[in-house]
Structure formats: C-alpha cells, structure tokens
Amino acid sequence: MPRLPTLDLLQGTLDLLVLKTLSWGPAHGYSVARWIQQLTDDVLRVGEGSLYPALHRLEERGWVESDWRRSENNRRAKFYRLTPAGRAQFRTESQVWSRFSTAIAKVLEAGEQPV
Amino acid sequence: MKRDPFRPSPRAEVDDEIRFHLEMRVRELIQQGYSPEDARAMAEERFGPVRPIQATLLDSTRRRRHREHRVEVFRQLAQDAGYALRAFRKNPGFAVAAIATLALGVGAALAVFTVVNGVLVRPLPYREPARLGMIWITSTNPDGTTSDLPLTSGFYSDIARESKQFERMAAFRSWPYSMAAPGSTEQEQVAGARVTPGLFEVLGVRPMLGTVFRSEDAVPGGPRVAVVSHDLWRRRFGADRAIIGRQVILGGESFTVVGVMPPGFAFPRGAELPAAFQFALRTDVWTPLAFDSTELRDYGLMNLSAVGKLPPRVTRLSAESELNTLMHNFLAANAPQVKLGYHVVSLVDQAGRPVKRGLLILLGAVFCLLLIASANVASLLVARVTNRQRELAVRAALGAGRRRIAGQLITENLVLAAAGTAGGVLISLWATRVMIALVPGSMPRADDIGLDWRVILVAALVALVGGVVFGLAASLSMSWKRLAGTLHAGDTRSTGPTSHRYGRRALVAVEVALSLILLIGAALLTRTFVALHQVETGFDATGVLTAGVGLPVPGRFNPAADGPEWSRKLNEIAARLNASPGIIAAGAVSSLPLSGAMEGGGLQIVGEALPPPGQGLQAQYNVVVGDYFAAAGIRVLAGRSFDGRDDEPGRRSIIINRELAVRHFQSPANAVGREVRSTFDFTRGLAPRVIVGVVDDVKQIALDEAPVIQVYVPESQLTYPGLAFLIRTRGDPLGALPAVRQAATAVDPLATINEVRTMEDVVSQSLARQRFSMTLIGIFAGLALVLAIVGLYGVLSLLVGQRRREIGVRLALGARPGDVTRLVLGEGVRVLAMGVFLGVGGAFVLTRVLRALLYGISTTDAVTYVGAALIVSIVALMATWVPARRAARVDPRTVLIAD
C-alpha cells in the first residue's frame, strides 16, 4: 500500500471526489468515505478523518448542505447532499480535471522529445 | 428570535459526527471477523489524528451556526417589514397621519439642525481651522464692558515680529475696487481685501491656478499684483485658464493677475466679522498689503483685522497672555496712561458669535415641536394597538411568542419612523433654503450650511430612537395577560386599563404645555419686533434711495494729497443730484444709518476740565456732503445744517446730536457756537471745531441701541473717497437710480455705484435677525398648536368611541344629552387645565433664555401669558366640543342592541 502524499496536494482532488459521490444522492460521511475507498481501491484508507473538514468546507462554500437524520441502522447521523450550486461546481471541476489529466497523460506517454 | 431548545451544542454535534463514523467502521470490522478491541484500534488508526480534525470541525460548525442566526434575523425582519407595509396599506389613514406628523416634526428639526451645524459646528473651510484665531485690541469702556477693536499697522507689525507663540500671522483690511469688465468701460465694484502675503498660508489654502503673493510683493512700491476668486474668474473672465499674467484694471490702476483661488474661498466673508469693518459678503480680489516706515509706527489708526495660526498644543489663552505682555511693555514705555490689551478669539466662535444664542433658542423650540409631533404619533400608535388587540391575539394564539410580537411592533414602528424621517429630510432640504433666504446676507457662514454626515447621522438617530420608543410604547400599552382572553371573549368593550388612559391624557397635557410655551415665546418676540418698529430712528426712510458711490484711490490711501479732489468730486455729484428734477434733496454720509457701519473717535469739549485718561468722550463720527440732513429727514434742532460757508478754506465746523447737546450743554440751543476738539481729525490736528448746529439722535447700529454721542463734519474738512448717497424723491425712490449713475460718471468715469437699496430696505434688513427668530418660532408655535389640538381631539374622540356603551347605558338610565356632553367636556377641560398650568410654569422658567433677544417687554409679561393661554384654551375647547357633541348624540338603542 503506497502512502498517500500530503493532504495539501490532495485537497482539490478530495473535494472533487466528495462532490462526485454526493452526486448520487444524500449520504453521511461514513458512506462517502466507504464509496471513495471502494472506487479508489482503498487509496484513501489512511486519514479518513480528513474527509470531514472537506465536507464542512464544501458546506461553507454553499456547495453542500446537511441535516441530521436516522441512518440505515436507526442511529442519528449527519447527512450531506449537493446543492444546485454544488452540482454546477461538480460539473465544471470534473471537466477541468479530465482536461488536466488527459494533458498530463499525454505528456507522460510521449515517446519523443518535442522539437 | 427563538432558539431550538433541543438543538445540540456545536461541540456535541461534532463529537456525534465523529463517533458515528468510528462506530460504523468498528461494526464493519467486527463483521469482517476482528475482535472488538482490534476493530476499535484499527478504526481509530484509519481515521487519523482526532483532535486537530475535531478543532477544525468545531470552528466551521460555529461559523455556520452564526450565519444561520443572521439569516434568520434578517428573514424575520423582512417578514415583519412586509407585514408592517401590509398593515399600513390596510389602514392608510393612520399611516399617512403618523408619517406626515413625523415628517413635519423631523423636517423642522433637521432644518434648524442643518443651519446650526453649518454655522456653529462644522469646521471652517480652511486647514486646521481649530488652530486659527482672530486677534483684536481690547479697550475697557467706562462702564466696565470691553470692546474688540481693529489693530493699527504699528501694533500689528510689532506683534507679527515679536510674538513667539503664533506659528504665523496675517493682517487684512477691506478695500473695495472698481473694475471695468473686459472690453467695457462700465465700472463694477468688486469686493477686495488688501492682505499681508502670509494670509493664504495661515489659512492653509493654495491657489487653483498660478501663485499667491510672495513676501517681496508686500513692500512699499512693490509690484501691483492681484489674486482673484474662483467666482470672479468665472463670472468676469469666462473661466479662462490663460488669465495668469494678464493685466486687470482695479481702481484705475493696472494689476497683474498672479493667481486664482479654489472654488468656495472668499475669506474674509463679511457676515463672519463685525459689520463695522465693512467687509463684503464674499471677497473677490486680493492685493498685497504693505506698510511704509510711517505706517510701521502708526498706533492711532485702527483699520486692520488680524488672524493668526497657533502651533498644536498652544492654547488661545497662552497666546493672548504673550500678546498682552508685549502690549504692556509697549504702553509702559510709550503711553503709560493708556489701557489696552489683546483678545484672541477662535475663528469659529468669531463667525458664529452674533447668531449663536438665537440659533440655540431656535434649536430648543424646534425640539419642543419634535416632541409634540412624536407624542402625537405615540398617542396614535397606542390607540391603534388597542384596536388591534384582537389581531395580535390571533397571532399569539398561532404561536407567536411575546418577544416575537414585541419585535414585530418595533419593526413596524421602525418602518414608520424611517418613512417619517425620509419625508423629514426632504422637507428640511427645502426649509433650510427658506431659512437662509429669510436673512439675506446676514447669516454667517451661509455658504457652509448644507447636508453633511452629521445631519444624516442625526436623522438616522431620530428614526432609530423614534422607532424603538414608539414600538416600546405600543408593546407596553398592550395588556399581554389579557391577550389570550381577548380572543374568546370577543371583547370589544374594552376601554383599556385606566392607567393607559391616564398615560395618553398626560401625553396630551404635555403637548398643550409645550405648544403654549412656544406660543408665549413667539408672542414675546413678535411684541419685541413691533416695539422695535415703533422706535424713533431719527430719520425718515420713506421715499429715500441710497447708493454707495466710490471714487478710485490710486496708490496708497493719502487723504492729505488726494482729499481736496475727492471732496470736490463728491460735492459736485451732490450738487448735480440736487439740481435734478424729481429729487427733493440729496446728500451723502460716510456710514449709512442702521447699516451697522460706524466710525468712532474721541471728543473733548473746549472749556471743560480734561477727563482722566481712558474716560474721555467717545463719539460716532460721520462725514457728510450736500444736503444730507434734509435728504435723510434728520431734524435740525438748533443752529443750521452745513452749507457753502463750511467749505471755505480754514473753516472748522461740526454738527452734534441731541445726546451730546443735552448731556454737556443743557440744551441744543445752548450748544450752538461752543467748541469741541476731535481726535479723528487725522489730517488737521487738534484745533477746535465750532458747533454750527444740533440734529436729532440717529440709530446707527441697531434699533434697540441707547442714544450715543454722534457728530458730523463736512467732507470738505475731513476728506473721504467713498460715501453713501441718500436721495429723497417725490415718487418711487428706485426711479432716481439713473440720475445717480449719470451724475457719478459725469464727474468721474471710474466712480463705482454699489449697494443700491431703498432706506426702507435698510431699516428692514437691520431687523433681519429679529424677523428670523420671530418668524421661525412663530411658525413652530403655530404647528405645535395645531398638532397639540389634533392630539387632544384624537384622544377625546377615541374616548367617546370606546365609552359608547357606557354612554348608551347612562342615556338609557335617564341621563340627559347635556350630562353626557358635560362628561366629555369635563374630560377635555381637565387635560387642558393641566396643560395650561404646566405651560405657563414652563414658559416662566424657559423664556428667560430669550431675555437678550427682547426689547421693550419683560420675559414675564402678564398680557402675553394670559393672551397665549386664552388662545390655546379657546382652540382646545373647540376641539373638545366636537367629540362631546358626538357623545350626546349616541343612540342608546343601537349601542345596547349591537351588544
């Protein structure tokens, strides 16, 4: 298991992943963490706690809102869901991210030095 | 705002969120087969460091809570405001009455405050105005009072050189110039001032174009340079930026324009300095003031005003004591018998001094009006709450808490107060202009009056305080306990708890009292005004035109050399006018009666023992030309008026007034032929003058002045370059103006005509400040009376409305309509009596502040008090009569069946 790089580097990425998971519907922090772990093959295993500051940050920006509800096992849990602004933000950010990663991939796969 | 009592604290919420996460993870790990202990440890390891995360979450949770709270407050406020607007729309009569009443009160108050702010509070438009002070010489009068006198060139040069306390000092004096418009020969008089070069630095004002004077400009025979005002530059030079370096003809001499001052700069402004110094309303052109070797040692001719700038932390008093030491040393060495001192007055005080008392009284009066208006609105509101008891009960039943309802009432009233204040600001913008127009040219700092942040702040405060006080009054007058009962009882019979009825009556009694105080004040001022109009002025203003005629004074003021020329020309103008058809008599005088201008000098009677130093006779002296006494309508009581004999070379004659004749020669007839010496004979020494005639006393400064000693000498014996002509005509006095122009330009093409007025206007303008106070306090008193009567009427109408049932029962039980009328009338009379009692008592105490403004009447004049009380009572009784009659007409059947 490779250790994760510093949180700073991941912050924007983490936000994007959270927005993505919430785009499927309201969820509490634990299920957001589990989904991300499953989808990233457990890359986010260490430091799950850092997910919560991200959720609060998104909430302060108005992209996510929260309320307390009963969870699937009948325990009070804080559920987060995307706001319309959050949904728009997610679309923009995911486009930027794909362009960025395509560009990086292109560079890394380049066989020859450009002239 | 209501808090959810079940809502967990931010800390509990954060802990709960983290705990939930850990529990879920532990449960999953146990399902995967780990032991509970291992699962716990693994879950915590995977979560990472709890504490810093906890802290971050706590911060963000608190921030969110805060924001939510704010949003909620605003939401409620918006809801309440919307509710208030709907309520006002449903009952527009109430809203309009309340807002209009408030707007009236606030408008009047803000208008007066705007003027007070501009004249007394706002810093003067110079740099660091608090450090500027005017410097005067003071002399102690025989009666112990002191008067501020201008400096002489000698005194000024000494203190300018020797004072260490002042950072800088400058002297200036009025110097009217005639100026020809470019491309025209017609002369216009422009308000000029000769100033020492430091003046602009003392005031901290830089020119907008060009430069101001350098010190080498102010030496005898220095270059003829001039600085012009922004206003003159635009008016006369078409705002041409190429004006610098151009020549302009002032008083027949060519001056180079070196600078244009920025807009608004017009120092010295006449209304801010004593009228006797004859500065124009705004100064338009400045030329350098230089002293030659004679003037540097002149300690006799007081003709300079001086302004100085103090360094920070040097007080006016320490500067004054330094100057007094200089004066003391000078007098000890040169004139030990003379007693003089210096007086330093801050520039702001100097400017506001003549009107300060009047303005503060006005502020007090308008505050009374504002109180009355507010009391009326409060009374309306209380009445409205009583009628809305049911509606509020519904809201309470639907779950609105006491705080929520009170909050809503306050919001409602804030909306009301804000609307009233907004209306008031609009009214005040208009009223301020009207107020200034009432005193044309005599309100100091009129240019500084205007809306600024202080006025806005006061308006906002009034709105805020008004809204909160009204809201509290409304919610206090509600009976919260009975709110629940109101609903199911369907109670419309309530007259409110007795305490509230008393409260409202007390409010109206205070209104009546305040309006009575204002009415008494207004009546005292009006009677003063009437008394002043009946004062003997000593001259006859009807049918008389006055116009100042100025001859050019090239170079320095030198009566010895140029005097005969001035005298010849002015006599020639008078002769031409006297020969014109339609003119009964024409003459001229150096200081126009009742204009406030005057010149003073010492007098000594030949044959009387020399008085002790400093106690000699002081006289107002005037130089006259032509048939002045006939033109002004001043009666000659003995001897003769001046004629051709007095123009013969070597003649020394004088005409004195009744006051001097009676005081020192027993009678006018006795005085003729006696001799006096005068110290104002600066060109001819102290040889005695023969009294050739005695004339009536003339009011020179103001109508309420006591008689003073006045003397007159002919222009041919004491020369002056400019005099005010008086022309007595058969028809419209203004019809004589062309003749004056013609005569003046025929004699000297450079002569200027200025200050053309009828003498009746001069008299009327001398009363401008009295008229100002009288008119405004009169208007305030009238408004106050109307508002108080409306308040009284409102309270009684409400009372009759609420007691309809009781009245119906009484009538059914055999009371006659007359009894019912008496019942309501009695109520009104009790309130009125209370108000009149309070008002007379209040006026007795408060009108003392008016004493200095009154003339010929005492502050406790019985007739005024009784008259004002009668007026208030009669009007109030009329207002009481209508609801009383309505009560008598109540039909017992309708009332009782309706129940």
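This one's a predicted model, so the numbers in the text were calculated from it and none came from an experiment. (Residues numbered from 1 in each chain as written. Chains lettered and ligands numbered in written order. Predicted model: local features only at pLDDT ≥ 70, side-chain atom pairs only at ≥ 80, totals over all residues.)

**Q** Could you clarify how one ought to interpret the overall build of chain B in this entry?
**A** Helices and strands together make up the secondary structure of chain B, namely 25 helices and 24 strands. Computed over its C-alpha atoms, the radius of gyration of chain B comes to 38 Å, more than 25% above the 29 Å expected for a compact globule of 899 residues. Reported as C-alpha extents along the three principal axes, the dimensions of chain B are approximately 130 × 95 × 55 Å. At a minimum sequence separation of 6, the contacts of chain B that also span at least 24 residues come to 83%. (Helix = DSSP H or I, 4+ residues; strand = E, 2+ residues; numbered from the N terminus. Rg over C-alpha atoms; globule rule 2.2 N^0.38 Å. Contact = placed C-beta atoms within 7 Å.)

**Q** Sorry, what's going on with the overall build of chain A here?
**A** Along its length, chain A carries four helices and three strands. When the helices and strands of chain A are listed from N to C terminus, the series reads α-β-α-α-β-β-α. Out of the 115 residues in chain A, the part that is buried amounts to 26%. Pairs at least 24 residues apart make up 48% of the contacts formed inside chain A by residues separated by at least 6 positions. (Buried ≥ 20, exposed ≤ 12 C-beta atoms within 10 Å, placed from the backbone.)

**Q** Honestly, the domain arrangement of chain B in this entry has me stumped. Any pointers?
**A** Accessible area lost upon the coming together of the parts is a frequently used measure of interface size. When cut into domains, chain B gives domain 1 (10–71), domain 2 (129–351), domain 3 (355–534 + 768–898) and domain 4 (552–750). Computed over C-alpha atoms, the centres of domain 1 of chain B and domain 4 of chain B are 103 Å apart. (Domains from an automatic or database assignment.)

**Q** Quick question: what am I supposed to make of the confidence of the model for chain A here?
**A** Note that predicted coordinates carrying low pLDDT should not be read in detail. Taken residue by residue, chain A gives an average pLDDT of 82. The fraction at 70 or more is 85%. No element of chain A has a lower mean pLDDT than helix α1 (residues 7–22) of chain A, at 74, and none a higher one than strand β1 (residues 27–28) of chain A, at 92. (pLDDT = per-residue confidence, 0-100.)

**Q** I'm lost on the environment of B:Asp891 in this one. Help?
**A** Within the secondary structure, B:Asp891 sits in the loop between α24 (862–888) and α25 (892–898). Separated by 87 residues in the primary sequence, B:Asp891 and B:Arg804 have C-alpha atoms spaced 9.1 Å apart.

**Q** Please explain the packing of helix α4 (residues 92–121) of chain B against helix α10 (residues 347–397) of chain B as it appears in this structure.
**A** Any two packed helices are characterised by how steeply their axes cross, that is the angle between the axes, and by the distance between the axes. Residue and element names in this part refer to chain B. Where α4 contacts α10, the two axes come as close as 9 Å, and the packing angle between them is 165°. Viewed along their axes, α4 and α10 adopt a mutual orientation that is roughly antiparallel. For the pair α4 and α10, the crossing hand works out as left-handed. Its residues assigned to classes, the contact of α4 with α10 comprises 25 nonpolar, five polar and two charged. (Axes fitted to C-alpha atoms, helices over the stretch in contact; angles between N-to-C directions. Parallel < 35°, antiparallel > 145°, perpendicular 65-115°, else oblique. Left-handed = near helix turned anticlockwise from the far one by under 90°. Nonpolar A, V, L, I, M, F, W, Y, C, P; charged D, E, K, R; others polar.)

**Q** What exactly am I supposed to notice about the nonpolar core here?
**A** Residues B:Leu369, B:Val512, B:Leu516, B:Leu518, B:Phe780 and B:Ala784 are the most contacted members of the largest nonpolar core, which totals 111 residues. B:Phe629, B:Ala671, B:Val711 and B:Leu718 belong to the second-largest nonpolar core, a separate cluster that totals 69 residues. (Core = buried A, V, L, I, M, F, W, Y, C linked by C-beta atoms within 7 Å.)

**Q** Just to check I follow, could you spell out the environment of B:Ile634 for this structure?
**A** Tracing the sequence through the fold places B:Ile634 in the loop between α16 (628–632) and β18 (636–639). Among residues more than four places away in sequence, those in contact with B:Ile634 are B:Gly538, B:Phe539, B:Phe629, B:Val695, B:Asp696 and B:Val698.

**Q** Help me understand unusual backbone geometry, please; the structure alone is not making it clear to me.
**A** For residues that are not glycine, phi is negative in most cases, and the peptide bond is trans in most cases. All names here are of chain B. The peptide bond linking Phe-267 to Pro-268 adopts the cis configuration, its omega dihedral lying at -5°. By the element assignment, Pro-268 lies in the loop between β10 (253–260) and β11 (285–288). In this model, Glu-128 sits at a positive phi of 45°, which is unusual for a non-glycine residue. Checked against the element boundaries, Glu-128 lands in the loop between α4 and β1 (132–140). Here Glu-128 falls in the partly exposed class, since 13 other C-beta atoms lie within 10 Å of it. Backbone geometry places Leu-594, a non-glycine residue, at a positive phi of 60°. Note that Leu-594 resides in the loop between β15 (583–589) and β16 (600–605). Judged by the 23 C-beta atoms lying within 10 Å of it, Leu-594 falls in the buried class.

**Q** Mind showing me how you'd approach the environment of B:Gln604 here?
**A** All names here are of chain B. Its place among the elements puts Gln-604 in strand β16. A tally of 17 C-beta atoms within 10 Å means that Gln-604 is categorised as partly exposed. Note: C-alpha distance between Gln-604 and Phe-470 (134 residues apart in sequence) is 70 Å. Among residues more than four places away in sequence, those in contact with Gln-604 are Gly-616, Leu-617, Val-676 and Arg-677.

**Q** What is the right way to look at helix α20 (residues 759–766) of chain B in this model?
**A** Each turn of an α-helix holds 3.6 residues, which means side chains three or four residues apart point in the same direction. All names here are of chain B. What α20 keeps buried is the set Met-759, Val-762, Val-763 and Ser-766. Looking straight down α20, one finds its buried side chains confined to an arc of 95°; they lie on one side. Check the buried side of α20 and you find it contacts β14 (544–550), β23 (722–729) and β24 (752–758). (Arc of directions from axis to C-beta.)

**Q** I would appreciate a short explanation of the interface of chain B and chain A in the present structure.
**A** On the chain A side, the residues contacting the 16 residues of chain B number 17 residues. Broken down by secondary-structure element, the contributors of at least two residues to the side of chain B that touches chain A are α1 (10–31), α2 (36–47) and α3 (50–90) of chain B. Among the residues making up the side of chain B that touches chain A, the classes are represented as seven nonpolar, four polar and five charged.

**Q** Any chance you could explain the pairing of strand β3 (residues 76–82) of chain A here in plain terms?
**A** Both faces of the sheet carry side chains from a regular strand, because those side chains alternate between them. All names here are of chain A. Here two bridges tie β1 to β3, and the two strands are oriented antiparallel to one another. Paired with Ala-27 across the bridge in β3 is Tyr-80. Hairpin connection, strand β2 (residues 64–70) to β3: the antiparallel pair is bridged by five residues, and Asn-74 has positive phi, about 60°. (Pairing = 2+ DSSP bridges.)

**Q** Would you mind going over the pairing of strand β9 (residues 247–250) of chain B with me for this structure?
**A** Residue and element names in this part refer to chain B. Of the two faces of β9, the one lined by Val-248 and Leu-250 is fully buried and the one lined by Gln-247 and Ile-249 carries no buried residue. When β9 meets β10, the two strands line up antiparallel, connected through four bridges. If you follow Val-248 over to β10, its bridge partner there is Phe-255. Linking two consecutive strands that pair antiparallel, namely β9 and β10, is a turn of two residues; a positive phi of about 55° is found at Gly-251 within it.

**Q** Would you take a moment to explain the sheet that holds β1(A) for this structure?
**A** Backbone hydrogen bonds are what pair the strands of a sheet, in a parallel or an antiparallel way. Pairing is antiparallel in the open sheet, where three strands are placed in the order β1-β3-β2 (chain A). One side of each edge strand has no neighbouring strand; the edge strands of this open sheet are β1 and β2 of chain A.

**Q** What exactly am I supposed to notice about the packing of α3(B) against helix α11 (residues 402–438) of chain B here?
**A** Residue and element names in this part refer to chain B. Taken N-terminus to C-terminus, the directions of α3 and α11 make an angle of 65°; their axes are 9 Å apart at the nearest point. Crossing of α3 over α11 shows right-handed handedness. Where α3 approaches α11, its residues Leu-77, Asp-80, Ala-81, Tyr-83, Ala-84, Leu-85 and Ala-87 are matched on the opposing element by Gly-407, Gln-408, Thr-411, Glu-412 and Val-415. Residue classes in the contact of α3 with α11 are distributed as seven nonpolar, three polar and two charged.

**Q** Please clarify how the confidence of the model for chain B should be interpreted in this entry.
**A** Looking at chain B as a whole, its pLDDT mean stands at 85, while 94% of the residues score no less than 70. Counted against residues more than four places away or in other chains, residues 489–496 of chain B, with its pLDDT under 50, gives seven contacts.

**Q** Please clarify how helix α12 (residues 453–476) of chain B should be interpreted in this entry.
**A** Residue and element names in this part refer to chain B. For α12, which comprises 24 residues, the first-to-last C-alpha distance of 34 Å matches the rise-based estimate of 34 Å (1.5 Å per residue) to within 8%. Here α12 has its buried residues at Val-455, Ala-459, Val-462, Ala-463, Gly-466, Gly-467, Phe-470, Gly-471, Ala-473, Ala-474 and Ser-475. As for α12, its buried residues are in contact with α4, α10 and α11. (Expected span 1.5 Å × (residues − 1).)

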